[in-house]
Amino acid sequence: MDVPHTRTVPTAQIELRQLRFLVAIVDEGTFTDAAIALGVSQAAVSRTLASLEQALGVRLLRRTSREVSVTGTGLRVVAHARRVLGEVDDLVGEATSGHARLRIGYAWSALGRHTLAFQRRWAERRPETEVQLVRTNSGTGGLAEGACELAVVRRPLDDRRFDSVIVGLERRLCAMAADDPLARRRWIRLADISGRVLLVDRRTGTATAELWPPDSRPATQETHDVDDWLTAISTGRCVGLTPESTAHQYRRPGVVYRPVRDAEPVVVRLAWWRDDPHPAGAAVVELLTDLYREE
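Residues numbered from 1 in each chain as written. Predicted model: local features only at pLDDT ≥ 70, side-chain atom pairs only at ≥ 80, totals over all residues. Heavy atoms only, no water.

## Quick look at helix α8 (residues 281–294)
Counting along an α-helix, one turn takes 3.6 residues, and residues three or four places apart therefore face a common direction.
Here is step 1 of the chain: Relative to the 20 Å expected for 14 residues at 1.5 Å per residue, α8 spans 20 Å between its end C-alpha atoms, a close match to the ideal helical length.
Here is step 2 of the chain: All buried positions along α8 are accounted for by Gly281, Ala283, Val284, Val285, Leu287, Leu288, Thr289, Leu291 and Tyr292.
Here is step 3 of the chain: Its buried side turned inward, α8 meets β3 (101–106), α5 (115–125), β5 (150–153), β6 (162–170) and β12 (266–273). (Helix = DSSP H or I, 4+ residues; strand = E, 2+ residues; numbered from the N terminus. Expected span 1.5 Å × (residues − 1). Buried < 20%, exposed > 50% of the residue type's maximum accessible area, 1.4 Å probe, protein only. Contact = heavy atoms within 4.5 Å.)

## Brief notes about the sheet that holds β12
Here is step 1 of the chain: Sheet architecture is open: 5 strands sit in the order β4-β3-β5-β12-β6, paired in mixed fashion. Among the strands making up the open sheet, the edge pair consists of β4 (130–135) and β6. The mean inter-strand angle of the sheet, taken between neighbouring strand axes irrespective of direction, is 25°.
Here is step 2 of the chain: When β3 meets β4, the two strands line up parallel, connected through 6 bridges. In the sheet register, Leu102 faces β4, and the bridge partner there is Val131.
Here is step 3 of the chain: Most of the contacts of α8 go to β6, to which it runs at about 15°, and overall it touches β3, β5, β6 and β12. (Pairing = 2+ DSSP bridges. Axes fitted to C-alpha atoms, helices over the stretch in contact; angles between N-to-C directions.)

## Focus on the pairing of β12
Here is step 1 of the chain: Among the 8 residues of β12, 6 are classified as buried, and the element is accordingly described as predominantly covered.
Here is step 2 of the chain: Pairing analysis gives 4 bridges linking β5 to β12, with the strands arranged antiparallel. Following the sheet pairing, Ala151 is matched in β12 by Ala271.
Here is step 3 of the chain: Here β6 runs beside β12; their pairing, made up of 8 bridges, is antiparallel. Looking at β12, one finds that Ile166 is bridged to Arg269.

## Some remarks on the packing of helix α1 (residues 16–28) against helix α2 (residues 31–38)
Here is step 1 of the chain: One can describe the packing of α1 onto α2 by two numbers: an axis separation of 8 Å at closest approach and a directional angle of 120°. Relative to α2, α1 is oriented oblique. The handedness of the crossing between α1 and α2 comes out as right-handed. In this structure, α1 uses Phe21, Ala24, Ile25 and Glu28 to contact α2, whose residues at the interface are Phe31, Asp33, Ala34, Ala37 and Leu38.
Here is step 2 of the chain: In terms of residue class, the contact of α1 with α2 is built from 7 nonpolar, no polar and 2 charged. (Parallel < 35°, antiparallel > 145°, perpendicular 65-115°, else oblique. Left-handed = near helix turned anticlockwise from the far one by under 90°. Nonpolar A, V, L, I, M, F, W, Y, C, P; charged D, E, K, R; others polar.)

Functional significance is not addressed by these values, which are geometric in nature.
Shown next, in the form of structure tokens:
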């Protein structure tokens, strides 16, 4: 049986300069006005457009002595060109933002009770650097995904691409339904929930069955979203173990939080790319350490 031969069409070599010239011609309406806007000669505009049409193998513009009109194919190409140029401008801004912007990622809860204080004090001390808090439910708080320059994490990062430093500690709380018998207490112990179903996020969470002795560990169910976690807990079918920052970040009717007296505290770390630290990173560490120390 003969296998049909598929002809490979070579990829056209397109330059950003060609796309910018095309968009300028369409926006300005004539080659002359496009040349003025671009700061080049009219001949350069004509040559660049001709090279783009040759690379694509299609006619993009119709030119007469009086006007320039866009072909049907040209309209589609111009729309794509605008998107490509916009993405490139965003890429350049992303790479060159430097001191102007700092994104701090986190998985479930940002800085708990310190979130607002951090944002206000940072704006007072470093107004030249805008801080954005970015929720990204990943094990690195968004670092590996490129969503942020710094990340608040509450479990150790084993990846050698990242460095981190401890900025504070948080108590562990048990989240339970408001009508749970344990909700009447001011605090509980791990043994009080060893026979319950524990809802955990193995990817980013700090609660594991290893917090209990091997012979008294609770059953576990898995979730990957804090809203789903809260919804399931409110039904009374399961409980959750979480840093106290979650209680400040997510208050939900039907769910209460109680301190777990004999549970080790959760270590809060600030992490960053080892080979590409943000210039404002040291200032963030200092401010966060001060906030947790004040508590």
